[in-house]
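# Commentary on secondary and tertiary structure
This is what each chain is made of:
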Amino acid sequence: MNWLNSSVLLPVIPATALAAFTLPLLLQRYGREAAALTAAAVMASCLALLLPLAPAAFAGQTEIARLTWLPTYGLEISLRLDGLGLLFCLLILGIGLLVVLYAAWYLPPSDRLGRFYSLLLLFMAAMLGIVLSENLLLLLIFWELTSLSSFLLVAYRSEKYESRVGARMALAVTGGGGLALLAGILLLGQIAGSHELTVILAAGEKIRAHPHYALALVLILLGAFTKSAQFPFHFWLPSAMAAPTPVSAYLHSATMVKAGVFLLARLYPALGSSDLWFWLVGGSGALTLVYAAMTALFRNDIKGLLAYSTISQLGLITLLFGLDTSLSVVAGVFHLINHAIFKASLFMAAGVIDHECGTRDMRRVNGMFRVMPITATLAIIAAGSMAGVPLLNGFLSKEMFFAETVAYPQFAPLGWALPLFATIAGMLAVAYSSRFVHDVFFNGQPVDLPRQPHEPPRWVRAPIMLLVLLCLLVGIFPAWTVQPLLAAAAGAALQAPLPDFQLALWHGFNRPLLMSLVALVGGILIYALRRPLFAWQEQLPPMHPRTAFERFYRWLATGARRTVAKLDNGSLQRYSALLFTFVVLLGGWSFFSALGGGGIRPAGQPANEAALATLFVLLLGTVGATVLYRERLLAVILVSVVGLSVTLTFVRLSAPDLALTQLAVEMGTIVLMLLVLYYLPPRDAPNSSARRLIRDIVLALLSGGGLALVTLQMLTAPDHSTLADFYLREALPGGGGANVVNVILVDFRGFDTLGEITVLAMVALASHALLDRLVLRIPARDGDGRRWAGEAHPLFLSMLMRPLLPLALTVSVYVFLRGHQLPGGGFVAGLITSVALVLQYLANGIAFAQPRLPQRPVRLLALGLLLASGIGLASWPFGRPFLTSAHGHVRLPLLGEIEVASAMIFDLGVYLVVVTVVVSVLSGLGQLSLRARRGAEQA
Amino acid sequence: MEALLAIAVGVLSACGVFLILRARTFPILLGLTLLSYAVNLFLFASGRLQVGAPPLIRPGGTYTDPLPQALVLTAIVIGFGMTAYLAMLALRALSESGGDHVDAPEEPR
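Residues numbered from 1 in each chain as written. Chains lettered and ligands numbered in written order. Predicted model: local features only at pLDDT ≥ 70, side-chain atom pairs only at ≥ 80, totals over all residues.

## Examining the overall build of chain A
Spelled out, the test is: For helices the rule is a DSSP run of H or I covering at least 4 residues; for strands it is a run of E covering at least 2, with both sets numbered from the N terminus onward. Three exposure classes are used. Buried residues have 20 or more other C-beta atoms within 10 Å of their own C-beta, exposed residues have 12 or fewer, and partly exposed residues fall in between, all C-beta atoms being placed from the backbone. A pair of residues counts as a contact when their C-beta atoms, built from backbone coordinates, are separated by no more than 7 Å.
Secondary structure summary: chain A contains 40 helices and four strands in total. Per-residue burial over chain A gives 48% buried out of 939 residues. Partitioning the intrachain contacts of chain A with sequence separation of at least 6 by distance along the chain shows that 78% fall at a separation of at least 24.

Encoded structure:
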């Protein structure tokens, strides 16, 4: 039996439920029974897995199982089973089994049930996860999963408008609460130093003394109150009654709404025992208790009445936890059990009535006792338990509640107020229970029912009967039935020795009993006086938190739509302007918030005339191109002037590699721009409006000024720490190259380079996609209205270029080979080769160049990338990390001694990719003219 | 020299941003080119400016910071790739929408 220990069994329970939740959907093709049986089997096996663990939990032990998940974030799959968890597991699985049976009858025969049971199982798995979690972050994940799965369950009949609205509201409220809970849990984890419950529950003193205790408490309570439908977040629960009744019986009586109360019980040792806890939890519970009880009395819909009574009873449980004595916590747990039992049976009975009569309106459903005496008897007993009639379980926990209010220590001067309040709440509960019983089962004849009701089949009554039997058993023999479970659960909730309490029907004639009697008599009196009460309620101003929520929701959606329409209006200019504005704001903010010490140092390098001249040329080109951008050809020439001055800057400032690269790229860019210019429509762009012009100039000045300031600050800041020394020191011994820039590219930061050539390769692929079958009209005239020159290619240029090709290729080979030692390398060599090839195309035309260009660019790209990544992978068999290089010396004729490094193969890959990309892009553009001409001839 | 470079970066980026905010594809192409010059110079400047100290290991040499140079080298090539991509996009857009306004469809004049 060694494998049956808790560390194996415990994770298996929720894992089974999660793994098996799709089974009903898969098996529904074998019939509704198959789906139902599968669901029942899954629940039963979870229950069977739980049983071996139960004795330890009954004995007051806490079983914990841990699996590492994301330890850096404090997130572990750690589960715990103690009395409280066991109680909830039993409720979830026990009532779940009954609901599975009941739903098979309730849902129409046309429904194949697979989807329903799958969702139900998913929800059950999530609930099990909540009650078994040891890690609070894990708990939160399951918490959100219950919100999601309950959304799907409430919206089960998605064709109905109310279902969708109800489901959306439930999701919005509980999901919003979940967000607050997330924040609260993170805060609590920070305070306690761990997200594990074991640590948190033991750190109560530390948590309550922390300055962030109030914030954490409020956030966590927001999560709990939204889930448990406490005022003012209660309104989603009546709307969620649009769910099929089995869902209401399961989610809205026994499980999901209890998750919030469960959280209160679970975290009570950590968060409870403070004034703030008393006022927030107790106050909210008390308000909910009375407000919802009053509302329940006036509902005409059976499920509406039950929903509000549920809210009210949850308020009672919350109030008991808020009273903050150990005995009140015991009473809270006890009432939680009792409420789950009687409310589930009441919902099922309500479903039977709805199913049989076709309506749930209590003004029409009357006199059902004669039609379905057995169901009626069962429902009346359950309602009696809800009202707190002696011999039933509700009576016992309600009497404990009364006793707690009488004995409550902190209200000594107002000793009568709390008991009075409790008695009024009890009276209201009796009143709405009486209304349910009297209106539905007696009160004359049914009025105009859509269907002729009958007693339902026996096996449908079985779940209700079982639950009602439990009500009676617990009510009459509490010490033999519920006491051990209650003791285990309450002990786990308190994390302290249990107070002395005795579950018994008869405690002698005392004040709580008196209060019970007053509540019974008073409640019946209230119900007897219902006509004037209903009339009074009619003329009250309506309170609609639900419609207020809907209005808020619509307002939010409209607002979001308007904002999006403003921002996302389809205009690239708008997007660019927003982007630059944001960048300027962000940059300005960080620049001015970081500015402090340091200040601006005088320039380090003296400027000579050459530098000034270069700057002058650069500025001339830049400003000229900007002002004259409508003169497109001129602008291209000016931009190339700028590029050349940038190249000169690199030459001057000790960057020969950059200068070579920039020079080669410059040629490619100019050719590219000229090719594009040929097709783009001649300049007839309208002038921008003055407002837009001013906006753009301001943005441009701010961006430019900001960047200039940052550059100056960066260049003159006194502290300058750099990685340079490492690379300069290691390049020769570690990378085997004297050209440090190249060594960095192909060796130290080879992985970056691999990424970069991959991006380049994507550009080539994109050129295929974009230019594929693109046919453009050849403009007849240029921008100034001149015809294009007719003659093909200047003979002189063409003749000069042909012998230049082998020469240029030789140069590029040389530049490539020496790249590891002297300026050069794959990038530069690739660019030189491409320029040489493109020049052939310029001089001789596409018809001449096409056969001489690489024919299958995609293959070449793949080859280049494979070379680069292959040489990287080659270091794996030697037990080295990806892209480790090796190097040695080789003597080559003519070239002399060459340092050969495996990085050169990498560089070869770079070379291939660069050549292919540049050539395929430019020749792709060139082929446009061939296609266009062909198109023009055909036309 | 530092001040001169800062001025160059500032003017290049200001003109680049202004051109990128125009409505036609061609000025955007020009603007992007200018802006990449600015950004490349800016990145390059993060290694400080030194004259006559190329990062080529030789006996008794002084060296400038090689890392920004390596970054800028790939940035130059990638910048070309981006310009090329934008150019092809402009042509494709021209054939799809019949105009070179970036907010196709063409607004009525």
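## Examining the overall build of chain B
Looking only at helices and strands, one finds three helices and zero strands in chain B. Tracing chain B from N to C terminus, the helices and strands come up as α-α-α. Within the span of chain B, comprising 109 residues, buried residues form 66% of the whole. Across chain B, every contact between residues at least 6 apart in sequence was considered, and the portion connecting residues at least 24 apart equals 50%.

## Focus on the interface of chain A and chain B
For the record, the criterion: Think of it as three bins: nonpolar holds Ala, Val, Leu, Ile, Met, Phe, Trp, Tyr, Cys and Pro, charged holds Asp, Glu, Lys and Arg, and polar takes everything else, Gly as well.
Counting from both sides, the interface comprises 95 residues of chain A and, opposite them, 77 residues of chain B. Among the residues forming the side of chain A that touches chain B, the class breakdown is 64 nonpolar, 25 polar and six charged.

## Thoughts on the environment of P373(A)
Locating P373(A) in the fold gives a position in helix α19 (residues 373-387). Spatially, the C-alpha atom of P373(A) lies 8.8 Å from that of F441(A), the residues being 68 residues apart in sequence.

## Digging into the pairing of strand β1 (residues 63-70) of chain A
Walk down a regular strand and you will see the side chains alternate between the two sheet faces. Residue and element names in this part refer to chain A. Where we set the bar: In this scheme, strands are said to pair when DSSP sees at least two bridges between them.
Taken together, the seven bridges between β1 and strand β2 (residues 75-81) define a ladder with antiparallel strand orientation. Within the sheet, the bridge partner assigned to E63 lies in β2 and is L81. The loop that links β1 with its antiparallel partner β2 comprises four residues; one of these, G74, has a positive phi angle of about 70 degrees.

## Re helix α16 (residues 302-323) of chain A
Each α-helix winds once per 3.6 residues, and so residues spaced three or four apart point in a common direction. All names here are of chain A. What counts here: Here the expected length of a helix is defined as 1.5 Å per residue gap, with one fewer gap than residues.
With 22 residues, α16 extends 31 Å between its outermost C-alpha atoms, agreeing within 8% with the 32 Å of an ideal straight helix rising 1.5 Å per residue. In terms of burial, α16 is largely enclosed, as 22 of its 22 residues are buried. D324 sits one or two residues past α16 and shows a positive phi near 70 degrees.

## Brief notes about the nonpolar core
What counts, and what does not: Any nonpolar core is a set of buried residues, restricted to Ala, Val, Leu, Ile, Met, Phe, Trp, Tyr and Cys, that join up through C-beta atoms within 7 Å.
Counting 205 residues, the largest nonpolar core has L121(A), L128(A), V154(A), I220(A), V333(A) and A382(A) as its most contacted members. Of all hydrophobic cores here, the second largest spans 132 residues; its members include A708(A), A14(B), I20(B) and A84(B).

## Points about the confidence of the model for chain B
All names here are of chain B. Note the cut-off: Per residue, pLDDT captures the predictor's confidence, and it can take any value from 0 to 100.
Looking at chain B as a whole, the pLDDT averages 86, with 94% of positions reaching at least 70. For chain B, per-element mean pLDDT is lowest for helix α3 (residues 66-97), which scores 89, and highest for helix α2 (residues 25-45), which scores 92. Interface predicted TM-score (ipTM) for the complex: 0.93; the corresponding pTM is 0.70.

## Re the packing of helix α14 (residues 256-271) of chain A against helix α17 (residues 326-357) of chain A
All names here are of chain A. Condition: Throughout, an axis means a line fitted to C-alpha atoms (over the contacting stretch in the case of helices), and angles, computed between N-to-C directions, take values from 0 to 180 degrees. Orientation categories follow fixed angle ranges, with anything under 35 degrees roughly parallel, anything over 145 roughly antiparallel, 65 to 115 roughly perpendicular, and all other angles oblique. A crossing counts as left-handed when the near helix is turned anticlockwise from the far one by less than a right angle, and as right-handed when that turn is clockwise.
Interhelical geometry of α14 versus α17 gives an angle of 155 degrees and a closest axis separation of 11 Å. Taken together, the axes of α14 and α17 lie roughly antiparallel to each other. In this structure, α14 meets α17 at a crossing whose hand is left-handed. Judged by residue contacts, K258, V261, A265 and Y268 of α14 engage V329, V333, L336 and A340 from α17. For the contact of α14 with α17, the class distribution of residues is seven nonpolar, no polar and one charged.

## Regarding helix α31 (residues 656-679) of chain A
In this model α31(A) runs 36 Å from its N-terminal to its C-terminal C-alpha over 24 residues, within 8% of the 34 Å that 1.5 Å per residue would give. In terms of burial, α31(A) is largely enclosed, as 19 of its 24 residues are buried.

## Brief notes about the packing of helix α29 (residues 609-627) of chain A against helix α1 (residues 2-20) of chain B
At a minimum axis separation of 10 Å, α29(A) and α1(B) run at an interaxial angle of 10 degrees. Considered as vectors, α29(A) and α1(B) are oriented roughly parallel to each other. In contact with A611(A), L615(A), L618(A), L619(A), T622(A), V623(A) and T626(A) of α29(A), α1(B) contributes L4(B), I7(B), A8(B), V11(B), L12(B), C15(B), F18(B) and L19(B).

## Here's the deal with unusual backbone geometry
Residues and elements named next belong to chain A. Omega for the bond connecting F231 with P232 falls within 30 degrees of zero, at 5 degrees, which places this linkage in the cis form. Within the secondary structure, P232 sits in the loop between α11 (213-227) and α12 (236-239). Even without a glycine there, the phi angle at A229 is positive, about 55 degrees. Looking at the element boundaries, A229 is found in the loop between α11 and α12. One non-glycine residue, D324, lies in the positive phi region at around 70 degrees.

## Side note on the environment of H234(A)
Residue and element names in this part refer to chain A. Tracing the chain through its elements places H234 in the loop between α11 and α12. As for H234 and S312, which are separated by 78 residues in sequence, their C-alpha atoms are 9.7 Å apart. When neighbours within four sequence positions are excluded, H234 is seen to be in contact with A229, T288, A292 and I311.

## Considering the environment of G16(B)
Residues and elements named next belong to chain B. On the secondary structure map, G16 appears in helix α1. Separated by 22 residues in the primary sequence, G16 and A38 have C-alpha atoms spaced 8.3 Å apart. Sequence-distant contacts of G16, that is, excluding residues within four places in its chain, are made with G31, L34, L35 and A38.

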